[in-house]
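Chain by chain, the residues:
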Amino acid sequence: VVLGASGCTTTSDASGDPAARRQAIDSAADSALSRLYAQQPGTKELVGSARGVLIFPSFVSAGFVFGAGSGQGVLRAGGRSAGYFRMTEASAGLLAGAQSQAVFILFMTDEGLKRFQDSRGWTAGTDASISMFNVGANTQITTQTVRQEVIGFVMTNAGLMGNVSLNGNRVTRLDI
């Protein structure tokens, strides 16, 4: 179940056409951003002031004691798509369930974005500390929020699992 669920995303590897895969990821990212803006006041301005934003429109995770997750996304910088990425996770502990989430990682400084772009594989919590917020859970965007180097938002698409952390998630570039 874990492996099957972690491999399922709305932007699967089944399509052999790289242009079609990029277009599917971009379209899903646009839709996820629109939902974020509608559900969380202040995020449109925050995303607009970020140096870059990683958008994973469908990050699927599942597990029972041991879990895994995966999703494909796009880095937007300077108003355009600047690369396509996969985020994966593995976990163990008191967990049970499955969920699909949209994950947004905002690089608020040029240095943070450059470190991400120069990495061969970027790990949340190791390569950067991320201040995470759950969309719709009385999240308050303050001036202190904007001062963070990397900010993350998680918006549940479907399912129930109860995890909002990204420590240990690995992000690698897709060759599409």
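Residues numbered from 1 in each chain as written. Predicted model: local features only at pLDDT ≥ 70, side-chain atom pairs only at ≥ 80, totals over all residues. Heavy atoms only, no water.

## Brief notes about the overall build of the chain
A count of helices and strands for the chain gives five helices and six strands. Each helix and strand of the chain, ordered N terminal to C terminal, gives the series α-α-α-β-β-α-β-β-α-β-β. Relative to its 176 residues, the chain shows a buried fraction of 47%. Here the analysis covers contacts within the chain between residues at least 6 apart in sequence; of these, 71% occur between residues at least 24 apart. (Helix = DSSP H or I, 4+ residues; strand = E, 2+ residues; numbered from the N terminus. Buried < 20%, exposed > 50% of the residue type's maximum accessible area, 1.4 Å probe, protein only. Contact = heavy atoms within 4.5 Å.)

## Some points on the packing of aromatic side chains
Enumeration over the complete set of coordinates arrives at four aromatic pairs. Ring centres 5.6 Å apart and planes at 70° place the aromatic pair Phe107 and Trp122 in the edge-to-face group. With Phe107 in strand E2 (residues 80-107) and Trp122 in strand E3 (residues 122-123), the pair connects residues that are 15 residues apart, well separated along the chain. Members of the aromatic cluster, connected to one another through ring pairs, are Phe85, Phe107, Phe116 and Trp122. (Phe/Tyr/Trp six-rings, centres within 6.5 Å; stacked < 30°, edge-to-face > 60°.)

## Thoughts on the environment of Ile151
Within the secondary structure, Ile151 is located in strand E5 (residues 150-160). Residue Ile151 is classed as buried on the basis of its relative accessible area, which comes to 0%.

## Observations regarding helix H2 (residues 18-39)
Across its 22 residues, H2 extends 32 Å between first and last C-alpha, which sits within 8% of the 32 Å expected from 1.5 Å per residue. Within H2, burial applies to Arg21, Ile25, Asp26, Ala28, Ala29, Ala32, Leu33 and Leu36. (Expected span 1.5 Å × (residues − 1).)

## A short note on helix H4 (residues 110-118)
All of the buried residues in H4 are Gly112, Leu113 and Phe116. Each buried residue of H4 lies within a common arc of 95° when the element is viewed along its axis, so the set occupies one face. For H4, the secondary structure elements touched by its buried residues are strand E1 (52-77), E2, E3 and strand E6 (170-173). (Arc of directions from axis to C-beta.)

## Thoughts on the nonpolar core
Leu36, Ile55, Phe104, Leu106, Ile151 and Phe153 are the most contacted members of the largest nonpolar core, which totals 23 residues. Listing elements by their share of this core, those giving two or more residues are H2, helix H3 (43-49), E1, E2 and E5. Per-element tally for this core: the top contributor is H2, with five residues. With 16 residues, the next largest nonpolar core counts Ala77, Phe85, Ile105 and Trp122 among its residues. (Core = buried A, V, L, I, M, F, W, Y, C linked by side-chain atoms within 4.5 Å.)

## Quick notes on the environment of Leu46
Along the chain, Leu46 turns up in helix H3. Judged by its relative accessible area of 3%, Leu46 is buried. Measuring from C-alpha to C-alpha, the distance between Leu46 and Ile151 comes to 9.7 Å, with 105 residues separating the pair along the chain.

## Regarding the pairing of E2
Here E1 runs beside E2; their pairing, made up of 23 bridges, is antiparallel. Paired with Ser70 across the strands is Thr88, a residue of E2. What sits between E1 and E2 in their antiparallel hairpin is a turn of two residues, with Gly78 showing a positive phi close to 65°. (Pairing = 2+ DSSP bridges.)

## Describing the pairing of E6
As paired strands, E2 and E6 are joined by four bridges and run antiparallel to one another. By the bridge assignment for E6, Phe85 is matched with Arg173. Relative to E6, E3 runs antiparallel, the two sharing two bridges. Opposite Thr123, over in E6, you have Arg170 as the bridge partner.

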